[in-house]
There are 2 protein chains.
Amino acid sequence: MPLSEETRKKERKRIATMVIDLVKERGSEISFATAQTESGLSRSRFEWVFADYDDLFDAVAGIWLAPHMEVMEKVLDADLPPIRKMYEFFRKRFVISRDRWRADPHNFTMICEMGAANFERVRSYVDLADHYLCEIIVQAQAEGYFAGLEIDETLSLINQMLANYTIPDALIYLGDKLNEEKLARIVDTIFIGLSKEAGDEAKGLNTIRVATS
Amino acid sequence: MPLSEETRKKERKRIATMVIDLVKERGSEISFATAQTESGLSRSRFEWVFADYDDLFDAVAGIWLAPHMEVMEKVLDADLPPIRKMYEFFRKRFVISRDRWRADPHNFTMICEMGAANFERVRSYVDLADHYLCEIIVQAQAEGYFAGLEIDETLSLINQMLANYTIPDALIYLGDKLNEEKLARIVDTIFIGLSKEAGDEAKGLNTIRVATS
């Protein structure tokens, strides 16, 4: 007898949570076969819940990243000026990752490696974060920030400047060198300095023109 | 009969260059034993040239990073305004890495992995780059930039904002999303925006103080 879609959803959540706990306990990635054995389900039942490893990984990533999703949406809905909104947009996710890293650096590293090895599966989360960040950029541009820049350009530049506060691996390498104080300074620096005009001085176009004229 | 120090130096260079070629040819890391076999030296002679794998790795890193060292020193000595100097300081190294990545992405990835696995051995290069960057920061501060910030604070913030242009792995993930145009914009943004005052707006301290007073 086929089980209801609701049962399937509950089973996905239960097993994905179990897999996260097992990764923590055993300190290693959990295979599809191990997840099935530990789930207590028959193989056919298990494969009705999860089509394959990718599908299982999606469910695990969904649970692992749920707090990030929640804070992003909260910040987006908040009535804040764009500078503070962007700061909170990065800070709240950074704090979630840092707390996890501090609580169990080994487990955190393991989960990062799983994420890196399955990057295509987490791309949809990255895309959604980009989509939200674009909304903040539009709000900022309406107030005169990032003048003359396309939204996509601005997005890419901001992501590059703040990469250490979004890529979880950065915590493994930089640890406490990453903190809220510096994040706030970088966000302010971006709002003060980033516009279409930024770039010519560094490349020294004018200087060269003068020198060769 | 012991060989001269000069011979030892020549052998180090020859064998380290050979190891880089072998990594390229075979697409895998080269062990201490393989390097010895391929060097044509007896084991005792080889161990007179290289004390251990770490020592061999140091010689390999020295050759691999020599072009980076050279351009950093050239830029430091150049008579340029601090903004252009900082831009060139990052750009020239970025271009070396990008050319290598474009020429052979697989080999580039392999070398990055070797570097990551032996990070403590390349730390001295990172420290030297930091030292040079501090000199540029001091020059910039003398002209009024980064006002009110300690040198070390400024160093850390700039390294964080430009990490994608120094960490070679970034090319593997971001590829052509990294380019000179964006690098120039980020350097200008840093010079325009970064000072002791940056940070308060993002954290919204004033707003909170007003709200609770």
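Residues numbered from 1 in each chain as written. Chains lettered and ligands numbered in written order. Predicted model: local features only at pLDDT ≥ 70, side-chain atom pairs only at ≥ 80, totals over all residues. Heavy atoms only, no water.

Let us look at unusual backbone geometry. Its identity as a non-glycine residue notwithstanding, A:Phe146 has a phi of 55°, on the positive side. Along the polypeptide, A:Phe146 turns up in the loop between helix H8 (119–142) and helix H9 (151–161). (Helix = DSSP H or I, 4+ residues; strand = E, 2+ residues; numbered from the N terminus.)

Mapped onto the secondary structure, A:Ser28 falls in the loop between helix H1 (5–26) and helix H2 (32–39). Expressed as a C-alpha distance, the spacing of A:Ser28 and A:Arg84, which sit 56 residues apart in the sequence, is 39 Å.

Take the interface of chain B and chain A next. Across the contact, 37 residues belong to chain B and 37 residues belong to chain A. Taken together, the two surfaces of chain B and chain A that pack against each other cover about 3,300 Å², and 58% of this comes from carbon and sulfur. Between chain B and chain A we count four salt bridges in total. Close ionic contact of B:Glu181 with A:Lys203 constitutes a salt bridge, the shortest N to O distance being 3.0 Å. Counting across the interface, chain B meets chain A through 20 residue pairs in polar contact (both at pLDDT 80 or more). Listing elements by their share of the side of chain B that touches chain A, those giving two or more residues are helix H6 (82–103), helix H9 (151–161), helix H11 (180–193) and helix H12 (200–203) of chain B. Per-element tally for the side of chain B that touches chain A: the top contributor is H11(B), with 11 residues. Residues of the side of chain B that touches chain A, tallied by class, amount to 17 nonpolar, eight polar and 12 charged. (Contact = heavy atoms within 4.5 Å. Buried area = accessible area lost by both parts, 1.4 Å probe. Salt bridge = Lys/Arg side-chain N within 4 Å of Asp/Glu carboxyl O. Polar contact = N/O pair within 3.5 Å; in protein donor to acceptor, adjacent residues only side chain to side chain. Nonpolar A, V, L, I, M, F, W, Y, C, P; charged D, E, K, R; others polar.)

Let us look at the relation of the copies chain B and chain A. The transform that puts chain B on chain A rotates by 180° and translates by 0.0 Å along the axis, for an RMSD of 0.0 Å. The superposition operator between the copies reduces to a two-fold rotation axis. In this assembly, 100% of the residues forming the interface of chain B have copies in chain A that are likewise at the interface, indicating an isologous arrangement. (Least-squares fit on C-alpha atoms with pLDDT ≥ 70 in both.)

Moving on, we come to the domain arrangement of chain A. All names here are of chain A. Under the domain assignment used here, chain A contains domain 1 (5–62) and domain 2 (65–196). Counting residues at the interface gives 11 residues for domain 1, matched by 13 residues for domain 2. Taken together, the two surfaces of domain 1 and domain 2 that pack against each other cover about 1,100 Å², and 57% of this comes from carbon and sulfur. Joining domain 1 to domain 2, the criterion identifies three salt bridges. Here Asp 58 makes a salt bridge to Arg 121, at a shortest N to O gap of 2.6 Å. Between domain 1 and domain 2 we count three residue pairs in polar contact (both at pLDDT 80 or more) in total. Listed by contribution, the elements that provide at least two residues to the side of domain 1 that touches domain 2 are H1 and helix H4 (53–64). (Domains from an automatic or database assignment.)

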